[in-house]
Amino acid sequence: MTDKLTVSVLGTGIMGAAMARSLARAGHAVRVWNRTRSKAEPLAADGAFVAGTPAGAVQGADVVLTMLHDGDAALAVMREAAPALRPGTAWVQSTTAGTEAVPELAALAREHGLVFYDAPVLGTREPAEAGQLTVLAAGPVKGRAKVTPVFDAVGARTVWCGEDGAAADATRLKLVANSWVVAATAAAGEVLALSEALGVDPDDFFALIEGGPLDMGYLRAKAALVREGRLSPPQFAVATAAKDARLIVRAGERNGVRLDVAAASAARLERAAAQGHADEDMAAAYYASFGDRPDD
């Protein structure tokens, strides 16, 4: 079928691996690469070809999807991969790279004749595994027919943010959304920490707000991860959330806005990472309220 593509996924961490599985379930030929190969190898059981190099992974690709740690990583990996790509190949850039990095990535795409789409996603491990992410996309109308089957495989909804991927319009919206996610997660952790410090049963707090305008499903979900000790495997890791929080702060600074909550949240996440929680769910920022883990 003409809508079945060869899709190369570069970066198979929490999100990249889940997106690769969704692509394989949709019937696409999937080729994958990860710097730590052991994180990519389990995808062979899902039908993916595991390559040893970025250039090897993109052989014959119709679409390349990058889901790497940050903009610098995406730039470095695609510098290795791009010479092996045919001009006209679509590059779907889903890394949360920041507003400064996206134009650099788009420039690399132009240098190699690639069609660039800035396409970060909203969602965590569970919706990624289910192919239920929200894709925020920006890029040329001509060529969207090629990337639409990819977006449909990994997401339940695609929100088009513009026709110029280099303008980082999709990334801008992603940073605004993530600023809320980071702030809400930090607030959830502080509610639990303050409850503990004051001898208040958290259930009394949740009963107090239940059904009212202060109640929020996300607050309850993140608090439950802490209270029930379900921080691993992470939905969205502390280290990644800390990186995103710094991107949010920097974007604000570059545009004349001081984001005190985002800056404080970044510091909390970094402190939690230093305490040994880097690979746990971002809800583990709760532990940053204490000198060490409470059970140490």
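Anyway, here's the lowdown on the structure attached to this text. (Residues numbered from 1 in each chain as written. Predicted model: local features only at pLDDT ≥ 70, side-chain atom pairs only at ≥ 80, totals over all residues. Heavy atoms only, no water.)

## Some details on the overall build of the protein
Then comes step 1: Looking only at helices and strands, one finds eleven helices and nine strands in the protein.
Then comes step 2: In terms of overall size, the protein behaves like a compact globule, its C-alpha atoms giving a radius of gyration of 20 Å where 296 residues would be expected to give roughly 19 Å.
Then comes step 3: If one aligns the C-alpha atoms of the protein with their principal axes, the spans along those axes are about 65 × 45 × 35 Å.
Then comes step 4: For the protein, the proportion of contacts with a sequence separation of at least 24, taken over those separated by at least 6, is 64%.
Then comes step 5: Of the roughly 13200 Å² that the protein leaves accessible, carbon and sulfur atoms contribute 53%.
Then comes step 6: Positive and negative side-chain charges in the protein, numbering 29 and 35 respectively, have mean positions lying 7 Å apart. (Helix = DSSP H or I, 4+ residues; strand = E, 2+ residues; numbered from the N terminus. Rg over C-alpha atoms; globule rule 2.2 N^0.38 Å. Contact = heavy atoms within 4.5 Å. Areas by Shrake-Rupley, 256 points an atom, 1.4 Å probe, with all protein chains shown as cover. Lys, Arg positive; Asp, Glu negative; His and termini not counted. Charge placed at Lys NZ, Arg CZ, Asp CG, Glu CD.)

## Describing the packing of aromatic side chains
Then comes step 1: In total, this model carries six aromatic pairs according to the counting rule given.
Then comes step 2: Their ring planes at 65° and their centres at 5.2 Å tell us that Tyr286 and Phe290 sit as a pair that is edge-to-face.
Then comes step 3: Classification of Tyr286 as buried rests on a relative accessible area of 8%.
Then comes step 4: Ring-pair connections join several aromatic residues into one group, and the members of that group are Tyr117, Phe151 and Trp160.
Then comes step 5: Stacked on the ring of Trp160, the Lys or Arg Arg144 has its end atom at 3.7 Å from the ring centre. (Phe/Tyr/Trp six-rings, centres within 6.5 Å; stacked < 30°, edge-to-face > 60°. Buried < 20%, exposed > 50% of the residue type's maximum accessible area, 1.4 Å probe, protein only. Lys NZ or Arg CZ within 6 Å of the ring centre and 35° of its normal.)

## Notes on a nonpolar patch on the surface
Then comes step 1: Where nonpolar side chains cluster on the molecular surface, the patch consists of Leu194, Leu198 and Val200 and spans about 290 Å² of accessible area.
Then comes step 2: Its location among the elements puts Val200 in the loop between helix H7 (169-198) and helix H8 (202-209). (Patch = residues over 30% accessible without salt bridge, like charges linked within 9 Å, V, L, I, M, F, W, Y side chains within 5 Å. Salt bridge = Lys/Arg side-chain N within 4 Å of Asp/Glu carboxyl O.)

## Quick look at the pairing of strand E9 (residues 155-162)
A regular strand places its side chains on the two faces of the sheet in alternate fashion.
Then comes step 1: Two strands pair when backbone bridges link them, and strand E8 (residues 133-138) and E9 are joined in this way by six bridges, in the parallel orientation. Looking at E9, one finds that Ala138 is bridged to Gly162.
Then comes step 2: For the handedness criterion, the β-α-β arrangement of E8, helix H6 (residues 144-154) and E9 is classed as right-handed. (Pairing = 2+ DSSP bridges. Right-handed = clockwise from strand over helix to strand, strands pointing away.)

## What to know about the packing of helix H10 (residues 238-254) against helix H11 (residues 260-277)
Then comes step 1: Relative to each other, H10 and H11 sit at 155°, their axes nearing to 8 Å. As far as their axial angle goes, H11 and H10 are roughly antiparallel. When you trace H10 past H11, the crossing you get is left-handed. Residues Val238, Ala241, Ala242, Ala245, Arg246, Ile248 and Val249 of H10 pack against Ala262, Ala263, Ala266, Ala267, Leu269, Glu270, Ala272, Ala273 and His277 of H11.
Then comes step 2: For the contact of H10 with H11, the per-class residue count stands at 13 nonpolar, one polar and two charged. (Axes fitted to C-alpha atoms, helices over the stretch in contact; angles between N-to-C directions. Parallel < 35°, antiparallel > 145°, perpendicular 65-115°, else oblique. Left-handed = near helix turned anticlockwise from the far one by under 90°. Nonpolar A, V, L, I, M, F, W, Y, C, P; charged D, E, K, R; others polar.)

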